[in-house]
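# Structural overview for review
So the chains spell out like this:
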Amino acid sequence: MNPADYELDPAIAERLKLNDAGLIPAIVQADGTGEVLMMAWMDTHALAHTLETRQGTYYSRSRDEYWIKGLTSGHTQDVTGVRLDCDGDTILLTVRQTGGACHTGDRTCFDAGELL
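Here the structure is a predicted model, which is why all the values come from computation and not from measurement.

## A few points about the overall build of the chain
For the chain, the count of helices and strands is two helices and six strands. Counting from the amino terminus, the chain carries its helices and strands in the arrangement α-β-β-α-β-β-β-β. For the chain, the C-alpha radius of gyration of 14 Å lies close to 13 Å, the compact-globule estimate for 116 residues. In terms of its C-alpha atoms, the chain occupies a principal-axis envelope of roughly 40 × 35 × 30 Å. Scored against the burial criterion, the 116 residues of the chain give a buried share of 37%. In the chain, once contacts between residues fewer than 6 apart in sequence are set aside, the share between residues at least 24 apart is 48%. Split by element, the accessible area of the chain, about 7,000 Å² in all, is 48% carbon and sulfur. For the chain, the distance from the average site of its 9 positive side-chain charges to the average site of its 18 negative ones is 4 Å.

## Regarding helix α2 (residues 44–53)
Taken together, the buried positions of α2 are occupied by H45, A46, L47, A48, H49 and T50. For α2, the elements touching its buried residues are α1 (10–13), β2 (36–42), β3 (57–60), β4 (65–68), β5 (77–84) and β6 (91–97). N-capping of α2 is provided by D43, with a side-chain oxygen placed 3.0 Å from the backbone N of H45. Phi turns positive one or two residues past the end of α2, at R54, with a value near 65 degrees.

What counts and how
- Residues numbered from 1 in each chain as written.
- Predicted model: local features only at pLDDT ≥ 70, side-chain atom pairs only at ≥ 80, totals over all residues.
- Heavy atoms only, no water.
- Helix = DSSP H or I, 4+ residues; strand = E, 2+ residues; numbered from the N terminus.
- Rg over C-alpha atoms; globule rule 2.2 N^0.38 Å.
- Buried < 20%, exposed > 50% of the residue type's maximum accessible area, 1.4 Å probe, protein only.
- Contact = heavy atoms within 4.5 Å.
- Areas by Shrake-Rupley, 256 points an atom, 1.4 Å probe, with all protein chains shown as cover.
- Lys, Arg positive; Asp, Glu negative; His and termini not counted.
- Charge placed at Lys NZ, Arg CZ, Asp CG, Glu CD.
- Polar contact = N/O pair within 3.5 Å; in protein donor to acceptor, adjacent residues only side chain to side chain.

Have a look at this one:
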């Protein structure tokens, strides 16, 4: 089933503060270590699909479409936890990552170098 076909529980949806594009940032951490792997965007359908299937599912702003992490690359995310921050404007996912989380193939998107 397409992620667009999934509907979020209304009780969860009312707690979210989406941006003007109907999206919310999702920070992804490795289960067990807490290593930050990536940041992506979700809408209510991507979040509903993630909660239902336990597969990291996101919305690509550049491609204007859903993507399920690992569907084409094999670098999958088995979601072990989903949390909402105190403001309701950021999602935190914990995952068991298989392969790289970054689109470059790296384990994390945050290996580009320290700024400070």
